Every structure is written in C-alpha cells, then in structure tokens.
Amino acid sequence: MSEELFPVTALDEGQEATVRLLSGGEALTGRLAAMGIIPGTRIKLLRKSRGQIIVLASDTRVALGKGQAEKILVKRESPDEAEGRPEARRSLLVALAGQPNVGKTTVFNLLTGLSQHIGNWPGKTVERKEGIHRIKDTEITLVDLPGTYSLSAYSEEERVTREFLIQEHPDITVLFVNASALERSLYLLTELLLLRSPVIVAVNMFDVAEDQGVHVDTEALAASLGLPVISTVATKNKGIRELLEEILKVAENPGLYKPKTPRVTQDHHDIYLKISELIRDHVPVPYTVEWVVTKLMEGDSEVSETFQGIIPSGTWNEIQTLLVAHEDALRAVVGGRYDWIEDATRAAVSRFRRGQVLMTDRIDHVLTRPLTGIPVLLAILGIVFLVTFAVGYPLQGYLESLVASLGSMVQNLLEEEPQWIKGLLVDGIIGGAGSVTTFVPILLIFFFAMSFLENVGYMARAAFVMDRFMHIIGLHGKSFLPMCLGFGCNVASVLGARIVESRKARLLTIFLTPFVPCTGRLAVITFVAAAVFAGKALVVTWLLVALNVVMLGVAGMFIGRFLLRQEAVPFIMELPLYHKPDFRTIGLVVWHRTVAFIKKAGTVILLFSIFLWILSNVPAGSVENSVLGRVGILLEPLGRPLGLDWRMVVALLSSVIAKENSVATLGVLYNVGDQGLMAVLSSAIPHASALSFLVVLMLFIPCAPTIVVMKQEMNDRKWFIISFFFMIFLSYIMGMAAYSLARAAGI
C-alpha cells in the first residue's frame, strides 16, 4: 500500500482526515455508505472516550462502536494536497443552553436576525428555534434550546434539551448564566460537563448584577471551572464578538480546556465507583458512564427504564441493591454539585451593598399583593384594550378604506369581464381575505403588549397574584401563564400547558384555555362591535371579555370539583428580576407572529374565501339559492332562539377553520363588494342579534389547529370529546340568554 493508512480511532478529538478504505466487509461497508461514509469522504472525530466514538461525515454525526470505527481507515493530507484542495466552508453546530430568563434567546436573535427558522422538534410539539450565523470561513448553526433548570426531564422542554445534547452532540454548547444568580445558574453546568461536550460559559446580565452590588471576576471563574468564560450584556450587544471568537477558538482546539467535573459527596464516593465499574461495559454511545451513574443515583425514571433493558439482569439487580442500601443517593449527588459550585465561585463572586432593598423588591411590594396586584393586572389589560380602540381601530378603518378602494378599482377594471370573474375577485378574494388583512393593526398591538409584559418580567407576577383565583378552579398560578398566551393564540396556550407538572392539572388547563379569547376572536369582536355598536363598542368588548373570564371560572369549578378531582400541587416558580425591555427581541417576536398571520391570510383564509364564494354562488348565481345558502337555511332553525339568521350561522361554522374566517364569511354572504363590511353590518344586523353572535363566538369551539393540538396534548379521547361538546352546549345556552336579555332590555 503506497500510502500510510490508520484507523479513525487514532485521530485526536477535533482532527480531520480523509477516508481511504473500509475494511469491515460488505455489510459494514453498505451500512457506512448509507450514513455518508465512503472512500474520499472528509471525516472529523468529535468524541473518543472509553470506546465511544462520534464522527462528523457528510454533515452527519455518526455514533460508532470502537470495533466498527477501527475498520474505517483514513489518511491525513500532505501539505501539498491540502494546498491544492479548495478551502471548504467550515460548519459548526452550536447549542445555546441555559435556565429560563438568562438572555440566551436575546443573543440568538442578535446572531441570527430574520434568518432563523422556527418549527417543532421531531416527534414533539415543543418549538425549535434554529438559525445561521456566518463569520470568516465558518457557518455556525445555532440552536436555541428550551430553557431548563436541569437535565432531569421533568417537562417536555427539559426532555427535548436532554435528548438534543446527548443524541446530536453539538460541537460546542454555550451555557448562559445569570451573573446576579451565578450559583443557581451553574447547577445546569454540573450536568452538562458529564456529557463531555465542549462548553463555553457566557455570564450574561453583567449590568443587572453590578446594579445589585454583585461583581463576577470572569478570569477567576474560568480558572476555577477550567472552562472559557465570557462576560456579556446581551441587551446592549456587549461581549457577543468575544463570544464568537471563543467559539471559533474552541472549535479549532476542542481539547484546549480541561474542566473540573463535579463529584458526589465523599460519603457516597464508594457506591459511585462501584456502580461505575458495573455499568462501564454496558453504556452505549452516545451516553457517558459518569452521566448514567449520576442519573441512576438520582433515581431518574427514564434513564432507569432505558438501562434496565440494556444492562444484564444480574448486574442490574446488584445495582438496585446498592441503591436501596443508599436511599439518600440523591442528596449525595445534589450536595456534591453545590459543593463544586461553591468551590468554583468562592474566589470569583464579590457582593457589596448587602441588605439593600432592590428596585424589584419595591415594585413587587405592590404588584405581588392580592389587594393591589389584581387591580393592577386588570388595569394593564384594560389599557391594552383601550390602546387597541384608540390606535388600532382608526388604523383598521384606514386599511378597510384601502381594501374598499381596491375593490372599486378592480370592479371598474373588469367592467367588461364575466360577472363570475368580478364576483370572485371583488366579493370572494378582496371582500373575504381582504377584510381579514385589516386586522393587522389590532394584532400588532396585542402581540406587542404580551411580548412587552413577558420581556420585562411582569407575566410571572401576574401568575403569582392569580394563584388564589386559580385555586378556586382547581389549579394554581402557573396555569395562568399558558392561559395568558391564549390572548395571542390558543394553540400556543395549549402547548404552554406543559409547564404544569400534574397530569390532571395540565388536562384541566387545556380544557379551559379555549375560553381565553385569542387575537383572532378579539379582532373579530373588536371589528363587529365597532361596526354595530359604534360608540358603545369598548363597553361591549369589555363585558364580553369579562363574561369569558366568568365562564372560565364556572367551568373550571364544575370540572375540577365534580369530574376531575386531583391532588394538591405545590406552586413553585421563578420570579425574574425586572429589567428594561429589549425592543429588538420584542420586535422579532411581533414580526414572526405577524408574518405567520399574514401567511395564513394569504393561504388558508384566501383559499377558504374562494371556496366559500364558490359555494355561495353555485349553482344559481345567488347566495340564497346556492349550496351554502341551502345549508345555512337548513341550519337556520338552530339559530332562531339566538336571533341569528342563516348567514350568521354559516359565519359561526366557518370560524372553526380560523376565527378570522367569520368576518370573511360575512363579507361574502352580505355581498360587501366595494361598500365596506363595517358599513354593511351596521345596518344589516340588529343589536340583540349581534350581541348573541359575539357571545356564541367567544364561547364556541376554537379553530381547527387548536382542536388538533388539544386532542394531541390531552392524549385522552374521553376528555377531548367532553370538552368539545361542553363548549358547544355552553356557547348555545349563553347565546340564548344574551339574546333574550338584550331584547328584554330593549337593546
């Protein structure tokens, strides 16, 4: 053989070479080829530890047993070969990890901007944020992992973070920690180090810490940890360049740092060593022995279940005997971690102005007291609605005039075209989907308000002050947070219920979240109320939202006390420090949510408007004699007790696709054309009928995406069916009551 070949296992971590020969026979060669490993492939060794091999080949991370890796023979390039080969852009996978409220998402937004992609993790409904940042000859793929306090997988978010760090084995993990709460933030680091992935510690919120009299010496901390430490102030874009330079430095030499890993307390060190020896030959790639032993001592149910099927039964029984004899093993693990944290921070953290009352404490003195906190919360929600009417409504009227002008222009341009073309474009597309796009100003205000309150740290206080009220309906304050998300979108609200630990409490939270009016419902209510009730629209909207809250409470008390009794669940939640709003982050959140709505208006709602127009004009060319008209007339008897005609009944049914569709439907069925929907509704719908319509819309079943997610998240067919019919029944009864009371009051 003219060239010197050696197995890939001879490489050091971070080194690259070229595959020249696969010597393991046809079966192994075929398997490796399917993974992108063939002669000529550039291969990089990511991990080599006790027979555990992870390589990067063809942009794919491949875990190999030592025996299989030794069959991959590689050759390092000579200087001449390397010089002749075109320089390829290097790619890195970097994970951003950290506890909630440490600012990692702010850094992610700074580095990725609008290039980020937001989707779901495979097989999960947890949001996955991924983006690209290019620097020099390197393309960095950044993954913003869900905020987590540990890798113990108490929630779906923690499970996603744990699986990614173990299975994907990122080139570098950047751990963001809060400079003002360094000891607590470093708890996650004690687990990350056991996974043997290169870690950079980014000490964020340095300015907040200094304001509290806390000083962190990053050089001393780096020396204590044996890791690179970078100080950052993400909201001011400070330290980001230094962080990127450190990422490139570590990527070029992964073995540069030798971190000091935490150990269990001394009284349990022997059992730790015994279990390590027992499982050492049974831990598959990509797990590490240290991490598995620690999790077994913690009593992690998922890890125990996984390795019970891997470790021989005799060895497993011996491990269980050791753990039973040392029931306080969890205390030894946790105690060892905090001892390690104390040693690491002793020389790095200095505190001044001890005993000083912080601004956060002064504000919380007002906002976390039920006597003052609840009125403040109601006032904040009231201000949001007031701004919506004062700013959003005029802008919406302006947009509607533009849409109406567009309709008139198209009508004139197509004067000589067939009637069906004019009708489709003017009444179907412009009158339907065009009316929905006028919601954008209202949605912008709601999106901005919710993002702002969350960004400054207020939403956690809202959950705290609502804890007593939530207990009345069998929940605690933590359930208030996903319900608040419902003001933006019920889908996010249902998914957000994962932060509730108890299954029964989570089930009840999901059951009740559709009673929170989403931006779609609020936009429709604002639109119809302004069109029909004019100067009284603000009062009507406020009363409708209040009715929703009352119905949420009544439904919760009934379901929680009679159908879904559950054990008491403790309320444990972090109250982050108040801080100045990061308008860049807020702006990106508003941007992504608004773009998502416009895409929906331009796709789903547009197609629905066209489909609805066709149904309303086939076969006779008139709405009354169309397919849709006949269906509506058939269902009209159900609407009479509510004061609804067949067009309003069809509008309610169309809202199941998307709440905004109800406006598009009204625009089509009332033949709005170039008149403008608000002008038509003000004269076409009586006040009592409009009130009944809005009450039913507020309490009716949610949109189709929310229904799908509810079914998935409940994972209980019986409770899904009960919730579905409960909403239909309650909305019908309350609609009848609203219509009767309105007529009796002469409205």
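Just so we're clear, the structure is a prediction, and the values are computed from it rather than from any experiment.

Draft legend 1. Focus on the pairing of strand β10 (residues 138-144). With respect to burial, β10 is a largely interior element, six of its seven residues being buried. Strand direction decides the pairing type here: strand β7 (residues 90-98) and β10, joined by seven bridges, are parallel. Considered in β10, the bridge of Leu-93 is made with Thr-141.

Draft legend 2. Geometry of the packing of helix α19 (residues 440-456) against helix α25 (residues 519-533). Interaxial distance between α19 and α25 falls to 10 Å at its minimum, and their mutual angle equals 135 degrees. Our classification of the angle between α19 and α25 gives oblique. As α19 packs across α25, the resulting crossing turns out to be right-handed. For the pair formed by α19 and α25, the contact residues are Ile-442, Leu-443, Phe-446 and Phe-447 on the first element and Thr-519, Gly-520, Leu-522, Ala-523 and Thr-526 on the second. Across the contact of α19 with α25, the residue classes tally to six nonpolar, three polar and no charged.

Draft legend 3. Here's a closer look at the nonpolar core. Counting residues in each nonpolar core, the largest one holds 92 residues, and the members touching the most others are Leu-512 and Phe-515. If one sorts the elements of this core by residue count, α25 sits on top with eleven residues. Residues Ala-97, Leu-175, Leu-195 and Ala-329 belong to the second largest nonpolar core, which totals 61 residues.

Draft legend 4. Local environment of the pairing of strand β6 (residues 72-75). In β6, alternate side chains face the same way, and those of Ile-72 and Val-74 on one face and Leu-73 and Lys-75 on the other are all buried. Sheet topology note: the strand β1 (residues 6-7)/β6 ladder contains two bridges and is antiparallel. By the bridge assignment for β6, Phe-6 is matched with Val-74. Two strands pair when backbone bridges link them, and strand β2 (residues 16-22) and β6 are joined in this way by four bridges, in the antiparallel orientation. Bridge pairing in β6 links Thr-18 to Lys-75.

Draft legend 5. A look at the packing of helix α4 (residues 104-112) against helix α10 (residues 240-252). Contact pair α4 / α10: the axes reach a minimum separation of 12 Å and the direction vectors enclose 80 degrees. Here α10 runs roughly perpendicular to α4, going by the angle between their axes. Within the contact between the two elements, α4 uses Val-107, Leu-110 and Leu-111 and α10 uses Ile-240, Leu-243 and Leu-244. Partitioning the contact of α4 with α10 into residue classes produces six nonpolar, no polar and no charged.

Draft legend 6. Representation of the confidence of the model for the protein. Summary statistics for the protein give a mean pLDDT of 78 and a share of 83% for residues scoring 70 or more. Within the model, pLDDT remains below 50 along residues 119-125, and this stretch shows 24 contacts once partners closer than five positions in the same chain are excluded.

Draft legend 7. Layout of α4. Most of α4 sits inside the fold, with seven of its nine residues counted as buried. Just beyond α4, the residue with positive phi is Gly-113, at close to 55 degrees.

Draft legend 8. Seen up close, the packing of aromatic side chains. Throughout the structure, instances matching the rule amount to ten aromatic pairs. On the numbers, 6.2 Å between centres and 80 degrees between planes, the contact of Phe-511 with Trp-719 is edge-to-face. With Phe-511 in helix α24 (residues 503-512) and Trp-719 in helix α35 (residues 717-744), the pair connects residues that are 208 residues apart, well separated along the chain. Trp-719 shares its class with Phe-511; the two are buried. Members of the aromatic cluster, connected to one another through ring pairs, are Phe-511, Phe-515, Trp-719 and Phe-726.

Draft legend 9. Structural detail: the environment of His-579. Relative to the helices and strands, His-579 resides in the loop between α26 (537-563) and α27 (583-602). With 220 residues separating them along the chain, His-579 and Met-359 place their C-alpha atoms 9.8 Å apart. Once you skip the residues sitting within four places of it in the chain, His-579 turns out to touch Asn-455 and Val-456.

Here is what the cut-offs are and how they apply
Residues numbered from 1 in each chain as written. Predicted model: local features only at pLDDT ≥ 70, side-chain atom pairs only at ≥ 80, totals over all residues. Heavy atoms only, no water. Buried < 20%, exposed > 50% of the residue type's maximum accessible area, 1.4 Å probe, protein only. Helix = DSSP H or I, 4+ residues; strand = E, 2+ residues; numbered from the N terminus. Pairing = 2+ DSSP bridges. Axes fitted to C-alpha atoms, helices over the stretch in contact; angles between N-to-C directions. Parallel < 35°, antiparallel > 145°, perpendicular 65-115°, else oblique. Left-handed = near helix turned anticlockwise from the far one by under 90°. Contact = heavy atoms within 4.5 Å. Nonpolar A, V, L, I, M, F, W, Y, C, P; charged D, E, K, R; others polar. Core = buried A, V, L, I, M, F, W, Y, C linked by side-chain atoms within 4.5 Å. pLDDT = per-residue confidence, 0-100. Phe/Tyr/Trp six-rings, centres within 6.5 Å; stacked < 30°, edge-to-face > 60°.

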